[in-house]
Amino acid sequence: MQRTPLGQTDLTVSRLGFGAAPIGFLETPPTQVGKLVDLLLEGGVNLFDTAAMYRGAEQLLGDALKGHRDDVVLVSKAGHAEKAFSYDAWSPELIRASVERSLERLHTDHLDVVLLHSCERDVLDRGEALGALLELRAEGKVRHAGYSGDNETAAHAAGLDGVEVIEMSVNIADQRNIDVVLPACAEHSVGVIAKRPIANAAWNPLNKQRGMYQQYAKTYHERLKEMDVTPHDLGYHGHPEVEWPEIALKFTLAVKGVDTAIVGTTSTVNARVNIDAAAKHPLRDQVVQTLRQAFRDAEQKSGTVWLGQT
Ligand SMILES: NC(=O)c1ccc[n+]([C@@H]2O[C@H](COP(=O)([O-])OP(=O)(O)OC[C@H]3O[C@@H](n4cnc5c(N)ncnc54)[C@H](OP(=O)(O)O)[C@@H]3O)[C@@H](O)[C@H]2O)c1
């Protein structure tokens, strides 16, 4: 598995990373998470992304990664209000309590990256939330601070003092951040994590999606219908369900400026497919350009702006 520096942090990350949202929200059994994590580690994946609000994901990941702390880059997120804390969303008190609980759940004394979990611009402007992360960084509990989100707010976050990493949606059905956020990340040498990198597998019918993805994948599903591109059009002649994951992941990895793409999965079979796809030769530039053009054309035809989806 190829590795790359994450912006100007001291971290080196695998191009394929792991997104822990589905193991939390879909309540994947611990034994299955154990198998998944072992397979990912064997495949050379070292970046694991989670969040305080992904239900049991931090605990599941922390338990499965026991004994591997020094081999992995742990990314978590904080900021949303929740019943366990009596603090306001995005307050310094909440962020501190949340990060300290993340440390416990992930069985570690430091997190490599903590991101503000998709707050609005006014929260960034107040400065308290980022200030809290930077205080935790000064104490050594957090190594690098950043922001997870999209569009103009993420572009703004990339230029803030102390922000070293931005996580944003980049995929075949979500391309606006490529033009709006990535240039700001390049200008400020910020590390880039691509979330939702295979577009939630939204080429599948919505009734085949599980749990939260039925709703979550809807916008991408509609966009892909409007883009009307098939793997066959792109020169791939296998079954679309087999070809799409590889094309989608390799599209995101081909986007200049993306350091790592964190695919969410509960399945060892799909994790294997993703590891193999990331190792294959890059997507041909012509295929990338066809998908870029299809997005632009369909967006224009729709008469709306296809915003980056959080
Ligand atoms: N605001 C934020 O900060 C934010 C928002 C969204 C996501 N994220 C992060 O980004 C990560 C990735 O995003 P995501 O999970 O929403 O979307 P994603 O990675 O684009 O797609 C995940 C979906 O794709 C399926 N899948 C994975 N590999 C596959 C393959 N080879 N073939 C077919 N289906 C496959 C998974 O199902 P199976 O389980 O069946 O494999 C899952 O339903 C999250 O897990 C989370 O860590 C952050």
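Residues numbered from 1 in each chain as written. Predicted model: local features only at pLDDT ≥ 70, side-chain atom pairs only at ≥ 80, totals over all residues.

Asker: What should I look at first to understand the overall build of the chain in this one?
Answerer: On a plain count of helices and strands, the chain comes out with 14 helices and 10 strands. A compact globule built from 310 residues should have a C-alpha radius of gyration of about 19 Å, and the chain, at 18 Å, falls within 12% of that. Taken along the three principal axes of its C-alpha coordinates, the chain extends 55 × 40 × 35 Å. In the chain, which comprises 310 residues, the proportion classed as buried is 50%. Within the chain, contacts between residues separated by at least 24 positions form 74% of all contacts whose residues are at least 6 apart in sequence. (Helix = DSSP H or I, 4+ residues; strand = E, 2+ residues; numbered from the N terminus. Rg over C-alpha atoms; globule rule 2.2 N^0.38 Å. Buried ≥ 20, exposed ≤ 12 C-beta atoms within 10 Å, placed from the backbone. Contact = placed C-beta atoms within 7 Å.)

Asker: Help me out: how do you make sense of the site of the ligand in this one?
Answerer: Near the ligand you find 29 residues, and of these G19, A21, K195, G264 and T265 are the closest. If you list the elements that add at least two residues to the shell around the ligand, you get α1 (21-25), β10 (260-264) and α13 (268-279). Grouping the amino acids of the shell around the ligand by side-chain chemistry returns 12 nonpolar, 12 polar and five charged. (Near = placed C-beta within 6 Å. Nonpolar A, V, L, I, M, F, W, Y, C, P; charged D, E, K, R; others polar.)

Asker: Would you explain the pairing of strand β7 (residues 142-148) in this entry?
Answerer: Of all seven residues in β7, six are buried, a share of seventy percent or more. Where strand β6 (residues 111-117) lies against β7, six bridges are found, and the strand directions are parallel. Opposite L116, over in β7, you have Y147 as the bridge partner. In terms of strand pairing, β7 meets strand β8 (residues 163-169) through four bridges, oriented parallel. Following the sheet pairing, G146 is matched in β8 by V165. One crossover worth recording links β7 to the parallel β8 by way of helix α7 (residues 151-158), and it is right-handed. (Pairing = 2+ DSSP bridges. Right-handed = clockwise from strand over helix to strand, strands pointing away.)

Asker: Hey, could you run me through the nonpolar core in this one?
Answerer: The nonpolar side chains of a soluble globular protein tend to be buried with one another. In this structure, F48, V114, L133, A158 and I166 are the most contacted members of the largest nonpolar core, which totals 99 residues. The dominant element in this core, judged by the number of residues it contributes, is helix α12 (residues 240-254), at six residues. If we skip the residues at most four places from it in the chain, L133 touches I95, V114, L116, V142 and A145. (Core = buried A, V, L, I, M, F, W, Y, C linked by C-beta atoms within 7 Å.)

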